[in-house]
Amino acid sequence: MPTTKFQKIIFAFLSVIISVHCFVFYNIAIEMGGMSNSVFLTAKNVILIEFIFAFLLEIFIAEPLSLKMAFKKVNPMKDKPYVVTTAIICSTVCLMCPMMSFIATVLYNGINSEFLSNWMQKLIFNFPFAFFVELFFVQPLVRTIFKLLLKNKKVSAEKSLVQNLQPSSD
């Protein structure tokens, strides 16, 4: 999907902004013992912090490594696009889930004598959620939004080109 560095950053931004909201709501709901309206109020305190961590981790660690991991298993030139996309999503989840569960553990539970057990619990709760939410909700939504953005950009570029090619009436 994204081909330029700028497009990769936009794609990562969209992915992270949607994912962070899902995970913040999910983790706060677990901490509070269930979903309620107060989850959304509490979430506003950590969404920006988690977004910054997730975006930086995605850009500098997960995105480059997930492609390497996925391309060890699939060949983008030979395999069907949905197989390649699924391999990339699964690789990204395998990298981002432990890292962001670590960040969430620090933010929600602090660093204490139970840190390792708290982190493992968050990882165990978050991994299935991450897998299914990324595979069936976040990434399809992001890809749809991204295609619409590229389509609009392409249409604008084509209109501009046509206008520039038309002879002036002077």
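The structure displayed is predicted, hence computed values, not measured ones.

### Describing the pattern of salt bridges
Line of reasoning, step 1. All told, the structure shown has one salt bridge when counted by the stated rule.
Line of reasoning, step 2. The partner of glutamate 31 in a salt bridge is lysine 122, and the shortest N-O contact between them spans 2.7 Å. Here the residue glutamate 31 occupies a position in helix α1 (residues 5–32), and lysine 122 occupies one in helix α5 (residues 115–165), the gap between them amounting to 91 residues.
Line of reasoning, step 3. Of the residues examined, glutamate 31 reaches a relative accessible area of 42% and is grouped as partly exposed.
Line of reasoning, step 4. The class of lysine 122 is buried, set by a relative accessible area of 6%.

### Overview of helix α3 (residues 47–73)
Counting along an α-helix, one turn takes 3.6 residues, and residues three or four places apart therefore face a common direction.
Line of reasoning, step 1. Taking 1.5 Å of rise per residue, the 27 residues of α3 would be expected to cover 39 Å, yet its terminal C-alpha atoms sit only 34 Å apart, more than 12% below that figure.
Line of reasoning, step 2. When the local axis directions of α3 are compared, the greatest deviation, roughly 50°, occurs at glutamate 58.
Line of reasoning, step 3. Within α3 the residues assigned to the buried category are Ile47, Glu50, Phe51, Ala54, Phe55, Leu57, Glu58, Ile59, Ala62, Ser66 and Ala70.
Line of reasoning, step 4. Buried positions along α3 lie against α1, α2 (37–43) and α4 (81–109).

### Points about the environment of valine 138
Line of reasoning, step 1. The topology assignment puts valine 138 in helix α5.
Line of reasoning, step 2. Taking C-alpha positions, valine 138 is 6.6 Å from isoleucine 18, a pair spaced 120 residues apart along the chain.
Line of reasoning, step 3. In this view, valine 138 contacts Ser15, Ile18, Ser19, Cys22 and Val133; residues no more than four positions away in its chain are not counted.

### Describing the confidence of the model for the protein chain
Interpretation of this model should avoid reading the predicted coordinates in detail wherever pLDDT is low.
Line of reasoning, step 1. With 89% of its residues at a pLDDT of 70 or more, the protein chain shows a mean pLDDT of 90.
Line of reasoning, step 2. Of all helices and strands in the protein chain, the one with the weakest mean pLDDT is α5 (84), whereas α3 scores best (97).

### Observations regarding the side chain of glutamate 134
Line of reasoning, step 1. Tracing the backbone through its elements, the reader meets glutamate 134 in helix α5.
Line of reasoning, step 2. Here the side chain of glutamate 134 touches serine 19 through a polar contact of 2.5 Å, side chain to side chain.
Line of reasoning, step 3. When residues no more than four places from it in sequence are discounted, the contact partners of glutamate 134 are Ser19, Phe23, Ile89, Val93, Phe129, Gln139 and Pro140.

### Topic: the packing of aromatic side chains
Working definition: an aromatic ring pair is given by the centre-to-centre distance plus the angle between the planes.
Line of reasoning, step 1. Within the structure shown, the criterion is met by 12 aromatic pairs.
Line of reasoning, step 2. Residues phenylalanine 13 and phenylalanine 51 carry aromatic rings whose centres are separated by 5.5 Å and whose planes lie at 80° to one another, so their mutual orientation is edge-to-face. You can see phenylalanine 13 sitting in helix α1 and its partner phenylalanine 51 sitting in helix α3, a full 38 residues away along the chain.
Line of reasoning, step 3. When its relative accessible area of 13% is taken as the criterion, phenylalanine 51 is described as buried.
Line of reasoning, step 4. An aromatic cluster of three or more residues is present, and its members are Phe13, Phe51 and Phe55.

### Points about the packing of α1 against α3
Line of reasoning, step 1. At their nearest, the axes of α1 and α3 sit 9 Å apart, and the two run at 135° to each other. As judged from the angle between their axes, α1 and α3 are oblique. The two elements α1 and α3 meet at a crossing, and its hand is right-handed. In this structure, α1 uses Lys8, Ile9, Ala12, Phe13, Val16, Ile17, Val20, His21, Val24 and Phe25 to contact α3, whose residues at the interface are Ile47, Glu50, Phe51, Ala54, Phe55, Glu58, Ile59 and Glu63.
Line of reasoning, step 2. Taken together, the residues of the contact of α1 with α3 break down into 13 nonpolar, one polar and four charged.

### Quick notes on the environment of phenylalanine 146
Line of reasoning, step 1. Here phenylalanine 146 is to be found in helix α5.
Line of reasoning, step 2. Overall, the relative accessible area of 2% leaves phenylalanine 146 in the buried class.
Line of reasoning, step 3. Taking the C-alpha atoms as reference, phenylalanine 146 lies 9.9 Å from serine 15; in sequence the two are 131 residues apart.
Line of reasoning, step 4. With residues up to four places along the chain from it excluded, the contact list for phenylalanine 146 reads Met1, Pro2, Gln7, Ile10, Phe11 and Leu14.

The rules we used
- Residues numbered from 1 in each chain as written.
- Predicted model: local features only at pLDDT ≥ 70, side-chain atom pairs only at ≥ 80, totals over all residues.
- Heavy atoms only, no water.
- Salt bridge = Lys/Arg side-chain N within 4 Å of Asp/Glu carboxyl O.
- Helix = DSSP H or I, 4+ residues; strand = E, 2+ residues; numbered from the N terminus.
- Buried < 20%, exposed > 50% of the residue type's maximum accessible area, 1.4 Å probe, protein only.
- Expected span 1.5 Å × (residues − 1).
- Bend = angle between axes of the 7 residues up to and from the residue.
- Contact = heavy atoms within 4.5 Å.
- pLDDT = per-residue confidence, 0-100.
- Polar contact = N/O pair within 3.5 Å; in protein donor to acceptor, adjacent residues only side chain to side chain.
- Phe/Tyr/Trp six-rings, centres within 6.5 Å; stacked < 30°, edge-to-face > 60°.
- Axes fitted to C-alpha atoms, helices over the stretch in contact; angles between N-to-C directions.
- Parallel < 35°, antiparallel > 145°, perpendicular 65-115°, else oblique.
- Left-handed = near helix turned anticlockwise from the far one by under 90°.
- Nonpolar A, V, L, I, M, F, W, Y, C, P; charged D, E, K, R; others polar.

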